[in-house]
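Structural description and commentary
Listed below are the residues making up each chain.
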Amino acid sequence: MNEPLVQFRAVHKRFGTYVAVKSLDLDIQRGEFLALMGPSGCGKTTTLRMLAGLEAPTSGSITIGGKVMNEVPPHRRDTPLVWQSLALFPFLSVVENVEFGLRMRGVDARERRERAMMWLGRMDLKGFESRRIDQLSGGQRQRVALARSLVTEPEMLLLDEPLSALDAHLVIRMQGVLTRLQKELGITFVYVTHSQSEAFAMADRVVIMGHGAIEQIGRPREIFRGPKTRFVAEFVGRNNILGGTVKAGLMDSAQGPVSVPAPDGPAEIVVAADRVTVSRNRPAGTAIQASFLSEEFAGTGIICYFETAEGAEWKAQVSESQLAELQPESGQSFWLSWDPARAHVMTG
Amino acid sequence: MKTFIGWAYLAALFAFIFAPIAASVVFSFNSDRFPTLPLGHFTTDWYARAFSRPEVWQAIGNSLIVAAATSAIASFIGFATAYTDFRYGFRFKPAYLALALLPPTLPLVILGLAMLAWLSQVGLSGTLTGIIIAHVVLATPFAMAICRLRLSQMDPSLESAAWNLGAGPWTAMRHVILPFCAPAIVSALCLTAAVSFDEFIVAWFVSGLNRTVPVLILEILQGNVDPQINAIGTVVFLTSMSLVIAAQFLIFRKRRHE
Amino acid sequence: MNASRKFDPYAYVWRLPLLLWQGAFFVIPLIFMAAMSFWLVKNYRMEPTFVFDNWERMLGRGAFWDAYWITLWRAVLAGVIASAIAFPASLFLAFRLTNSGRRFALLCLIVPFFTSFLVRAYAWQVILAESGPVNAALGGLGLGPFTMLNSGFGAMVGYLTLVLPLVVIFQTWSLAAIDKSLIEAAGNLGASAWATLVRVIIPAAKTGLVLGALFAFIMTFGDFVSPFYLGGSKPPTLTILIIDTTKSGQQWPRAAVVAIVMILTLFAVATAAVKAAYRGRG
């Protein structure tokens, strides 16, 4: 019934001796917005390129719509890609760019012009059809690239860091355009990015990759609040990580004993920066001591950086009024505390 | 003062380099057989005499055939080689590229001798085909360099983008790579034609009775001093220059757009 | 299996033309020429064999070595003189001209490559003749007439006409690529203009300077027009020797010996020069 659109099964990809992707198992559902996220070199782009047929897996299988696609060349697939560089053809006009896919499929001139114009209209590009690509702004080019990929009405759209070349304010606008488009069309979007704000803002599910393997798959909030591995905790959000052995609800961390709601044995916990309270005097309950380093203004508040006596960096998010009250100066000692029940115990 | 000396020095150097070119044009319109100062009167007599000789027209015909065939073949091989270098990595690629770029560094007299000996073995010496073969060897590296330069300005994902939109390798070549390289290919056609049109040493070795224009000049030169050479030389110069300027124009016009 | 390992006819359509053409008409002719140097000519026909007759005959001849040394000497001389004449002009082009002015000047310097060197040599013949314009002008000043043709001077005029544009292009490229702040820093540290030139500019532009001289050497070494039409072909150079041996004597195998000696010499000089050009660089 609900068979996934795409299935990766034990997929490996090697370039010479370099392993780009290892034992990848991944299902992509019809109509979902999936983000592949990770630092550069984590294998996310290779995964996307294998989906488009631009790379062939070294071993394992990739099926799309129930058909094994390993050896199918890119031009026999319907997996249009929006490129990081956009890869618009500079010697063609805007409308000729959009028509390209239809032309390759042998659609006759009148119909392909009509369909291309329809998509240009939909992308707010009416009146630009005969322009050259170098006469467009960055945002307009972006929309031409989208129209060019969608004109064949594919079941799935691949996007490779398409917003990385845009100005910050345009990124937010394009995020809106993309999510609306995906909902309206009801097709699958596979979106590769290294930016967590893009992935968390748009995706239904996020896949975190590191060193060629999947670290965690989940809804944005699940990953944000419940990272499974140290890698994910460090890559996602502003997290503080503490490790040690738990005995009777107490962990002997490097920063002293802290209370942890976990069974006995080795464990690592994650305390998100926005769940850390900063105070000058030792509060009741779980707290560690650290000296203030610096502060940084973030969109949602102010991030204060601390260093413990053992040299571990800790982050805490405070409001502007809290900062004014604390008046921290570099080197001053503070207490960082949190509610043990809201610390996340990693299981990965 | 320093700048003035600089300009004067530069002007003197350019004057030396361009003196023979300018002189040959001037002499071609000068009535004296042995020009000196002051110059004789203006005449087009040398042109009239040179171009009333049937062997001149024969040579022009030969040169045009050789230049056209050379430019077509050399531009194709040059483009194919540039595309291979752009697109593929393989073992022995340095050797492959050396083969693509070395021929112009070999003295033409040596290339002429080797060509003469080899083409005689295969029965092509003394034919226009022989000259074309030799000129393609010489001109291909220029075509390759021009096309490679153009390809290095291309976004490498452009070709993949064409495959991604449903174009097979051949279709992508026709609809993406070739249109992108078009100005470079036309420019390569012009430049390789100019290289062929001016080359006389290898052509002299292998041409036999099928003389091209520069070979004819060489043979006239071995006889008596004759200002007809200036007339023919000026025409050859104008032909080559139009080809080179056309090539330059195409390269630069395209660059301004990007 | 990896898809990229499979035989891909498309790739070979683009890869093979060069290999076939330059293999059949560049590599094989050169190999054949080397083999031919061991053949013998009997009754105006070459006969395949393997003897060292041609080598012994050519290398054992004083005239060959005279030609060898005069060719080598002239090529070295042309490399040095052309570099020396070009350098002040290249400095001026690199440091005193705007980018577009420099580009235009270099574009002009490409023009001579597409004019017939033969016609240019002929023009020099006329200009430098005993009764030609130069002597007429000097005569007006009460000097001369000088004999300039059919001499080492005449040949050198030809060589310089041939190589100067390329040497200026190479030098200007490498000089213009020098980081200007390097020069300002030298001045700032109290270096005189001369010290800056010798200690900073010349070392930084070394690669282009050496390559320019190398190309002047290669082109002079292989030129036959200048020594033949302006140098009076006495003493003969190696190129004149090849042409005489090929054209009049039908002794292709002996010409091949000369050609191979030339190739070996060029290879040795080019290797040494490239090594020198890139020494002390990453």
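Just so you know, these numbers come straight off a predicted model, no measurement behind them. (Residues numbered from 1 in each chain as written. Chains lettered and ligands numbered in written order. Predicted model: local features only at pLDDT ≥ 70, side-chain atom pairs only at ≥ 80, totals over all residues.)

Re the overall build of chain B
When helices and strands are tallied, chain B shows 11 helices and zero strands. Order of helices (α) and strands (β) in chain B, N terminus to C terminus: α-α-α-α-α-α-α-α-α-α-α. Looking at chain B as a whole, 52% of its 258 residues qualify as buried. (Helix = DSSP H or I, 4+ residues; strand = E, 2+ residues; numbered from the N terminus. Buried ≥ 20, exposed ≤ 12 C-beta atoms within 10 Å, placed from the backbone.)

So, the overall build of chain C
Counting its secondary structure elements, chain C contains 13 helices and two strands. C-alpha atoms of chain C, sized along the principal axes, occupy 85 × 70 × 35 Å. Residue pairs in contact within chain C that sit at least 24 positions apart in sequence constitute 72% of those at least 6 positions apart. (Contact = placed C-beta atoms within 7 Å.)

Considerations on helix H1 (residues 44-52) of chain A
All names here are of chain A. The buried count for H1 comes to nine of nine residues, which makes it a mostly enclosed element. Along H1, the residues classified as buried are Lys44, Thr45, Thr46, Thr47, Leu48, Arg49, Met50, Leu51 and Ala52. Glycine 53 occupies a position one or two residues after H1 and carries a positive phi of about 85°.

Some details on the interface of chain C and chain B
Listed as interface residues are 58 residues of chain C and, on the opposing side, 58 residues of chain B. For the side of chain C that touches chain B, the elements supplying multiple residues, two or more each, are helix H1 (9-36), helix H3 (62-96), helix H5 (117-127), helix H6 (133-140), helix H7 (152-176), helix H10 (206-222), helix H12 (238-247) and helix H13 (252-278) of chain C. Sorting elements by how many residues they give to the side of chain C that touches chain B places H1(C) first, with 16 residues. Partitioned by chemical class, the residues of the side of chain C that touches chain B number 46 nonpolar, nine polar and three charged. (Nonpolar A, V, L, I, M, F, W, Y, C, P; charged D, E, K, R; others polar.)

Regarding the pairing of strand E8 (residues 188-193) of chain A
Residues and elements named next belong to chain A. With six of its six residues buried, E8 lies for the most part within the structure. Because side chains alternate across E8, one face comprises the buried residues Thr188, Val190 and Val192, and the other comprises Phe189, Tyr191 and Thr193, equally buried. Where strand E3 (residues 33-37) lies against E8, five bridges are found, and the strand directions are parallel. Directly across from alanine 35, in E8, lies its bridge partner tyrosine 191. (Pairing = 2+ DSSP bridges.)

Details of the environment of Gly31(A)
Residues and elements named next belong to chain A. When you line up the elements, glycine 31 lands in the loop between strand E2 (18-28) and E3. Look at glycine 31 and you get partly exposed, because 15 C-beta atoms sit within 10 Å. Sequence-distant contacts of glycine 31, defined by excluding residues within four places in its chain, comprise Gly186, Ile187 and Thr188.

A few points about the sheet that holds strand E13 (residues 256-259) of chain A
Pairing is antiparallel in the open sheet, where five strands are placed in the order E13-E12-E11-E14-E20 (chain A). Each having just a single partner strand, E13 and strand E20 (344-345) of chain A make up the two edges of the open sheet.

Focus: the confidence of the model for chain C
All names here are of chain C. Across chain C, pLDDT averages 90, with 96% of residues at or above 70. Taken element by element, chain C is modelled with least confidence in strand E2 (residues 45-47), mean pLDDT 83, and with most confidence in H1, mean pLDDT 96. Across the interfaces of the predicted complex, the ipTM metric reaches 0.90, alongside a pTM of 0.88. (pLDDT = per-residue confidence, 0-100.)

A few points about the packing of helix H7 (residues 157-164) of chain B against helix H8 (residues 169-198) of chain B
Residue and element names in this part refer to chain B. Relative to each other, H7 and H8 sit at 155°, their axes nearing to 9 Å. When the axis of H7 is compared with that of H8, the two are roughly antiparallel. Handedness of the H7/H8 crossing: right-handed. On H8, the residues that touch Leu158, Glu159, Ala162 and Trp163 of H7 are Ala172, His175, Val176, Ile177 and Phe180. In terms of residue class, the contact of H7 with H8 is made up of seven nonpolar, one polar and one charged. (Axes fitted to C-alpha atoms, helices over the stretch in contact; angles between N-to-C directions. Parallel < 35°, antiparallel > 145°, perpendicular 65-115°, else oblique. Left-handed = near helix turned anticlockwise from the far one by under 90°.)

Observations concerning the nonpolar core
If you look at the biggest cluster of nonpolar residues, it comprises 262 residues, and the most contacted ones within it are Val190(A), Leu113(B) and Val163(C). With 15 residues, H8(B) is the single largest residue contributor to this core. Apart from residues lying up to four places away in sequence, Val163(C) is in contact with Ala78(C), Ala82(C), Ala216(C), Met219(C) and Thr220(C). (Core = buried A, V, L, I, M, F, W, Y, C linked by C-beta atoms within 7 Å.)

Quick notes on the sheet that holds strand E18 (residues 313-318) of chain A
All names here are of chain A. Pairing is antiparallel in the open sheet, where five strands are placed in the order E15-E19-E16-E17-E18. Of all the strands in the sheet, just strand E15 (277-279) and E18 have a single pairing partner and so form its edges. Strand-to-strand twist in this sheet, taken as the mean axis angle between neighbours without regard to direction, amounts to 45°. Across three bridges, the pairing between E15 and strand E19 (residues 333-337) is antiparallel. Opposite serine 279, over in E19, you have tryptophan 335 as the bridge partner.

With respect to the pairing of strand E12 (residues 250-253) of chain A
All names here are of chain A. Residues Met251 and Ser253 point to one face of E12 and are all buried, whereas Leu250 and Asp252, pointing to the other face, are not buried. One ladder, built from two bridges, connects strand E11 (residues 239-247) with E12; its direction is antiparallel. The residue bridging valine 246 from the neighbouring strand is methionine 251, located in E12. Connecting E11 to the antiparallel partner E12 that follows it, the hairpin turn spans two residues, and alanine 248 within it adopts a positive phi of roughly 55°. For E12 and E13, the ladder comprises four bridges, and the chain directions are antiparallel.

Notes on unusual backbone geometry
A cis amide bond links Lys234(C) to the next residue, Pro235(C), at an omega of -5°. Here Pro235(C) lies in the loop between helix H11 (225-230) and H12. Even without being glycine, Glu153(A) reaches a positive phi, approximately 50°. You can see Glu153(A) is positioned in the loop between helix H4 (138-150) and strand E7 (156-160). Located in the positive-phi region is Gln327(A), a residue other than glycine, with phi close to 45°. Considering the arrangement of structural elements, one finds Gln327(A) in the loop between helix H9 (320-326) and E19. With 8 C-beta atoms packed within 10 Å, Gln327(A) lands in the exposed category.

What about the packing of helix H3 (residues 54-87) of chain B against H1(C)?
H1(C) packs onto H3(B) with a crossing angle of 125° between their chain directions and a minimal axis gap of 7 Å. Judged by the inter-axis angle, H3(B) sits oblique to H1(C). Viewed along their axes, H3(B) and H1(C) form a crossing whose handedness is left-handed. Contacts between H3(B) and H1(C) involve Phe76(B), Ile77(B), Ala80(B), Thr81(B), Tyr83(B) and Thr84(B) on the former and, on the latter, Trp14(C), Arg15(C), Pro17(C), Leu18(C) and Trp21(C). Partitioned by chemical class, the residues of the contact of H3(B) with H1(C) number eight nonpolar, two polar and one charged.

A closer look at helix H2 (residues 94-104) of chain A
Within H2(A), nine of the 11 residues are buried, which leaves it mostly tucked inside the rest of the structure. Against helix H3 (109-122) and H4 of chain A together with H8 of chain B lie the buried residues of H2(A). Just downstream of H2(A) lies Gly106(A), where phi reads positive at about 75°.

Regarding the environment of Lys67(A)
By the secondary structure assignment, Lys67(A) is in strand E5 (residues 67-68). A C-alpha to C-alpha distance of 28 Å links Lys67(A) and Glu99(A), two positions 32 residues apart in sequence.

Some words on the environment of Val269(C)
Looking at the element boundaries, Val269(C) is found in helix H13. Along the primary structure Val269(C) and Gln171(C) are separated by 98 residues, whereas in three dimensions their C-alpha atoms are 19 Å apart.

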